[in-house]
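Structural description and commentary
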Amino acid sequence: MDIFDLQWDIVWNYRDMFIRGIGITIILTLSGYFGGIILGLLLGLGKLSQNKLIYWPCKLYVDLFRGTPMLVQILLIHLAVIPTIFGQSLGYMVSGITALVLNCAAYNAEIFRAGIQSIDKGQMEAARSLGLTHNQAMKKVILPQAFRRMIPPLGNEFIALLKDSSLVTVIAAPDILYASKVVAGASFRFWEPYIVAALLYLVLTYVVTKVVAFIEKRFSNSYVPRKAEGREAR
């Protein structure tokens, strides 16, 4: 097939499937990421705990999910774990979100752990000397400072998860990649659908990159609002 003789009308005929695929991809990514943020924070704090009964389960969890392929995790959760617990499959959405949350949490846990440990220990000591409990100091003093340092790696994790969400196509989740596979199978044309899939992921990751860059600038120590800049100039 001539690479310069592409038939884009094939993709256009399946535009509704691609549009649905974009929606499914976004839902899976957002659900997996924010679920992973919550669980990852708990795991990250657990890895900082002095209590071995808390530390070791959190460490084993992180090592397990960081050390095994996400594709294997998705298949195990969809075909084994969920059917064993509930007696039947709960569909691609439940399995996909569960797998993405569990995997994302392991990576976010390390981001939270490293971010918290990067804050000088004197900050905690100073907060405790002012009468704050450990939890209050962590919430009001340590985490706000650590969050600024964690924005870039958390943003990178979101981008990685967005691309890795394409793996849920193995459990028939109708995402972007699944739409491309359907079009390729129906038309026996492979350039057009997979180029479109690549471009759609590229656009999504580009948008996320810009949002992360804005948030990073907004929460940086050197950020000055425009109104404030104007007042200083006067």
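Residues numbered from 1 in each chain as written. Predicted model: local features only at pLDDT ≥ 70, side-chain atom pairs only at ≥ 80, totals over all residues. Heavy atoms only, no water.

Thoughts on the overall build of the protein
- Scanning the protein from terminus to terminus reveals 10 helices and zero strands.
- Start at the N end of the protein and walk to the C end: the helices and strands fall as α-α-α-α-α-α-α-α-α-α.
- Against the globule reference of 17 Å for 234 residues, the protein gives a C-alpha radius of gyration of 22 Å, more extended than a compact globule.
- Dimensions of the protein, computed from C-alpha atoms along their principal axes, come out at roughly 70 × 60 × 25 Å.
- Within the protein, the proportion of its 234 residues that are buried is 36%. (Helix = DSSP H or I, 4+ residues; strand = E, 2+ residues; numbered from the N terminus. Rg over C-alpha atoms; globule rule 2.2 N^0.38 Å. Buried < 20%, exposed > 50% of the residue type's maximum accessible area, 1.4 Å probe, protein only.)

A closer look at the packing of aromatic side chains
- Taken as a whole and judged by the stated rule, the model has four aromatic pairs.
- Measuring from centroid to centroid gives 5.5 Å for Tyr 33 and Phe 34, while their planes differ by 80°, and the two rings are edge-to-face.
- Taking the relative accessible area as the measure of exposure, Tyr 33 reaches 8% and is therefore buried.
- Taking the centre distance of 5.2 Å and the plane angle of 80° together, the rings of Tyr 55 and Trp 56 count as edge-to-face.
- Given the relative accessible area of 42%, Trp 56 is considered partly exposed. (Phe/Tyr/Trp six-rings, centres within 6.5 Å; stacked < 30°, edge-to-face > 60°.)

Considering a nonpolar patch on the surface
- Taken together, the side chains of Phe 147, Val 203, Tyr 206, Val 207, Val 211, Phe 214, Ile 215 and Phe 219 present a nonpolar region at the surface, about 740 Å² in accessible area.
- The biggest single contributor to the nonpolar patch is helix H9 (residues 191-218), with six residues.
- For Phe 147, the location among the structural elements is in helix H7 (residues 134-164). (Patch = residues over 30% accessible without salt bridge, like charges linked within 9 Å, V, L, I, M, F, W, Y side chains within 5 Å. Areas by Shrake-Rupley, 256 points an atom, 1.4 Å probe, with all protein chains shown as cover. Salt bridge = Lys/Arg side-chain N within 4 Å of Asp/Glu carboxyl O.)

A closer look at the UniProt feature "domain: ABC transmembrane type-1" (unreviewed entry) in the protein
- Mapped onto this numbering, the UniProt entry annotates "domain: ABC transmembrane type-1" (unreviewed entry) at residues 22-212.
- Here residues 22-212 is 83% helix and 0% strand, with 20 Å between the C-alpha atoms at its ends. (UniProt positions renumbered as here; feature names shortened; annotations may be inferred.)

Some remarks on the packing of helix H4 (residues 70-86) against helix H5 (residues 92-117)
- The interhelical angle for the contact between H4 and H5, taken along N-to-C directions, is 130°, at an axis separation of 9 Å. One element, H4, and the other, H5, form an angle in the oblique class. Relative to H5, H4 is oriented so that their crossing is right-handed. Between H4 and H5, the contacting residues are Met 70, Gln 73, Ile 74, Ile 77, His 78 and Ile 82 on the first element and Tyr 92, Val 94, Ser 95, Thr 98, Ala 99, Leu 100, Leu 102 and Asn 103 on the second.
- Split by residue class, the contact of H4 with H5 holds nine nonpolar, five polar and no charged. (Axes fitted to C-alpha atoms, helices over the stretch in contact; angles between N-to-C directions. Parallel < 35°, antiparallel > 145°, perpendicular 65-115°, else oblique. Left-handed = near helix turned anticlockwise from the far one by under 90°. Contact = heavy atoms within 4.5 Å. Nonpolar A, V, L, I, M, F, W, Y, C, P; charged D, E, K, R; others polar.)

Focus on the pattern of salt bridges
- Considering all chains together, one arrives at four salt bridges under this definition.
- The shortest N-O distance in the salt bridge between Asp 63 and Lys 59 comes to 3.2 Å. In this pair, Asp 63 and Lys 59 both sit in helix H3 (residues 52-67), four residues apart, roughly one turn of the helix.
- When the shortest N-O distance is used, the salt bridge between Arg 113 and Glu 110 registers 3.1 Å. With Arg 113 and Glu 110 both in helix H5 and three residues apart, the pair spans about one turn of that helix.
- If you follow the salt bridges from partner to partner, you end up with Lys 47, Glu 110 and Arg 113 in one network.

Notes on the environment of Phe 214
- With respect to the helices, strands and loops of the structure, Phe 214 is situated in helix H9.
- Overall, the relative accessible area of 56% leaves Phe 214 in the exposed class.
- It is 23 Å that separates the C-alpha atoms of Phe 214 and Leu 28, two residues lying 186 residues apart in sequence.

Remarks on H7
- Over its 31 residues, H7 runs only 37 Å from end to end, short of the ideal 45 Å by more than 12%, given 1.5 Å per residue.
- Met 150 marks the point of greatest bend in H7, at about 50°, and the proline Pro 152 comes within the next four residues. (Expected span 1.5 Å × (residues − 1). Bend = angle between axes of the 7 residues up to and from the residue.)

Things to note about the packing of helix H2 (residues 15-47) against helix H8 (residues 176-187)
- Remark: H2 packs on H8, axes separated minimally by 7 Å, with the N-to-C direction vectors making an angle of 155°. When the axis of H2 is compared with that of H8, the two are roughly antiparallel. Residues Met 17, Phe 18, Gly 21, Ile 22 and Thr 25 of H2 form the contact with H8, whose own contacting residues are Ile 176, Ala 179, Ser 180, Val 182 and Val 183.
- Residue composition of the contact of H2 with H8, grouped by class: seven nonpolar, three polar and no charged.

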